[in-house]
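# Analysis of the macromolecular model
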Amino acid sequence: MNTTSLNTNKIDSSWNRFCDLLWHSDELGIWLDISKMKISNTDIKELEPNFKLAFKAIENLESGSIANIDESRQVGHYWLRNEKLAPSELIKNNLKKEKEKISEFSRKILNGSIHNEDNQPFKNVLWIGIGGSSLGPILLINSLKKNNIGLNFFFMDNVDPTGINDTIDLIKNELKRTLVVVVSKSGGTLEPRICMEQVRLKLENSGLKWNKQAIAITMKGSKLDNQAKNENWLERFDLPDWVGGRTSITSSVGLLPAALMGCDIDRFLEGASLMDTSTRNKELRDNPAALLAASWYVSGNAKGLKDMVILPYKDRLEVFSKYLQQLVMESLGKKNDRKGGIVNQGLSVYGNKGSTDQHAYIQQLRDGLDNFFAVFIEIIKDNHNLNINELMNPADYLSGFLQGTRKALTGANKESITISLVDLNEFSLGSLIALFERTVGLYAELINVNAYDQPGVEAGKIAAAEVIKKQDLIMNILTGDSEYDIANISEKLSKNSEEEIYWIIRSLSINNLIDIVEGNWSKPKSLKFKLK
Ligand code: PA5
């Protein structure tokens, strides 16, 4: 296969090719159609040996090998939905116990036997976490939450003070009926800690007891776990070392919110587990994750040269593209391959929903740059209580728009994949997520990158901590009425970057902590400032 230029062949949209490549499972209620991609039968044949190795690697991972070599960790998200696979009796037992604990706790919250200090049942959940510790719960709530069933959810996944303020404002009258769930696998991430402190202050200033409402989800022995234990928080749930943030949706991170909103967590796990079984098939053509991974590989010439545009034709799946963005880009976006060679790999993901996007960027998809492939997601069952007698049925139109856009893209020789699900529910969402998890795992094997570490995320966390430290150092340097310029400060900070200091003093000035006494912002070297 040519790995330097993109394939300009015409898409074969024949009925025979559709029939030849279609994958379907009655049990799962899913169809996968890759026939509108440019992958050929020769590509599939050529990729078979690579997939043999990839299947073996995932098999090793599932049986407990240290698949995340850089972090010396096992990768066990597949055990979460099939504990029999777990490599030790201890893990098997812990998995069972944790699931029972989540079900029991949620049942008692929902029936009011665990209640607030005033004997009132809890009504809301404020979920504090970032990245893998919040995207799964956000996806679950958006996709499956039913009105008037279970608790209401609010999320805090950033340290934007306005965002924190707005969220607290939304629940301020019901704070005492709000469970606060703080989620951080490492237990040390700054963003959730800062949000937590703000919420705690608000809660305690309102005369409420933090530990009667706070729940932690974290690794055993982490800073957060120790704090929750020492302060006797309402409950603690385990996030094992071998679960990565972006694959934590079938762990306590996803199961607790699902149970608290009244979902059937067993059906969710069952959907994921059945898809795991289907994607363990060793025949490329009979394995939906392998078909997807092969299509991505050929489309982007093994280098991720084409973006993946996710187009679910369902409002409730609008955040699925955001969820996949993290799963795919944090897993595959790597500088080095596993031998240490520089590869700068990745696969860009974006999207919202159809048919809405038809009236936005789909213009470019059809007529502009050929730098993407679309993934249509169709929910076939038309579940609603709308009165459609004598009115146009929205479901017919939604389906028509999907087919129309798919046809228009094919007509313009633009690639697309279509995934059709009978319905959107706990079971099908579980299976859809598992399909993409295994696809990412297989694709990572094909391009030989570690899909389970995130050195870029860690580097960002360290760099941010350094800047925050510098803000304090600068404030400590400024004393009394003395005036300073950027060069002085840089000197005092052992020749620290002037640009970084400019950024910090601009923020200090606009937030009224220092005064500018001379100069202007467009001439950074002219600026003189002092403490307010
Ligand atoms: O997927 C990941 O590993 C990351 O997005 C993490 O979930 C994110 O950085 C939050 O980390 P933690 O859960 O340790 O606070």
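As a starting point, this report considers the structure included with it.

With that out of the way, let us pick up the site of the ligand. Close to the ligand lie 15 residues; Ser 133, Ser 184, Ser 186, Thr 189 and Glu 330 are nearest. In this structure, Thr 189 approaches the ligand through a side-chain N or O atom, which is 2.5 Å from an oxygen atom. Within the contact set of the ligand, an oxygen atom lies 3.2 Å away from a side-chain nitrogen or oxygen of Lys 461. Looking at the shell around the ligand, the elements that each hand over two or more residues are α11 (320–332) and α15 (455–477). Here the shell around the ligand is built from residues that sort into two nonpolar, nine polar and four charged.

So, about unusual backbone geometry. Following Gly 354, the chain continues into Ser 355 via a peptide bond in cis, with omega recorded as 0°. Examined against the element boundaries, Ser 355 turns out to sit in the loop between β9 (349–351) and α12 (362–367). The phi dihedral of Asn 148 falls on the positive side, at around 65°, and the residue is not glycine. Checked against the element boundaries, Asn 148 lands in the loop between α4 (135–144) and β4 (152–156). Residue Asn 148 is classed as exposed on the basis of its relative accessible area, which comes to 80%. Despite not being glycine, Ala 302 has its phi angle at roughly 65°, a positive value. Within the secondary structure layout, Ala 302 lies in the loop between α10 (288–299) and β8 (307–312).

On the surface, Val 159, Leu 190, Ile 194 and Ile 468 cluster together to form a nonpolar patch covering roughly 280 Å² of accessible area. Secondary-structure assignment places Ile 468 in helix α15. Judged by its relative accessible area of 39%, Ile 468 falls in the partly exposed class.

A word on helix α5 (residues 161–171). Three or more residues of α5 are buried, namely Ile 164, Thr 167, Ile 168 and Ile 171. Angularly, the buried residues of α5 cover 100° about the axis, an arc narrow enough to put them on a single face. Of the surrounding elements, those touching the buried residues of α5 are β3 (124–128), β4, β5 (178–183) and α6 (190–205).

Now for the pattern of salt bridges. Under the counting rule described, the total for this entry stands at 37 salt bridges. A salt bridge links Lys 176 to Asp 118; the nearest nitrogen and oxygen atoms lie 3.0 Å apart. You can see Lys 176 sitting in the loop between α5 and β5 and its partner Asp 118 sitting in the loop between α3 (89–110) and β3, a full 58 residues away along the chain. Of the charged contacts in the structure, one is a salt bridge between Lys 532 and Asp 515, with a shortest N-O distance of 2.8 Å. Of this pair, Lys 532 sits in the segment after β13 (528–531) while Asp 515 sits in strand β12 (residues 514–518), and the two are 17 residues apart along the sequence. The class of Lys 532 is exposed, set by a relative accessible area of 56%.

Reading the values: the criteria
- Residues numbered from 1 in each chain as written.
- Predicted model: local features only at pLDDT ≥ 70, side-chain atom pairs only at ≥ 80, totals over all residues.
- Heavy atoms only, no water.
- Near = heavy atom within 4 Å.
- Polar contact = N/O pair within 3.5 Å; in protein donor to acceptor, adjacent residues only side chain to side chain.
- Helix = DSSP H or I, 4+ residues; strand = E, 2+ residues; numbered from the N terminus.
- Nonpolar A, V, L, I, M, F, W, Y, C, P; charged D, E, K, R; others polar.
- Buried < 20%, exposed > 50% of the residue type's maximum accessible area, 1.4 Å probe, protein only.
- Patch = residues over 30% accessible without salt bridge, like charges linked within 9 Å, V, L, I, M, F, W, Y side chains within 5 Å.
- Areas by Shrake-Rupley, 256 points an atom, 1.4 Å probe, with all protein chains shown as cover.
- Salt bridge = Lys/Arg side-chain N within 4 Å of Asp/Glu carboxyl O.
- Arc of directions from axis to C-beta.
- Contact = heavy atoms within 4.5 Å.

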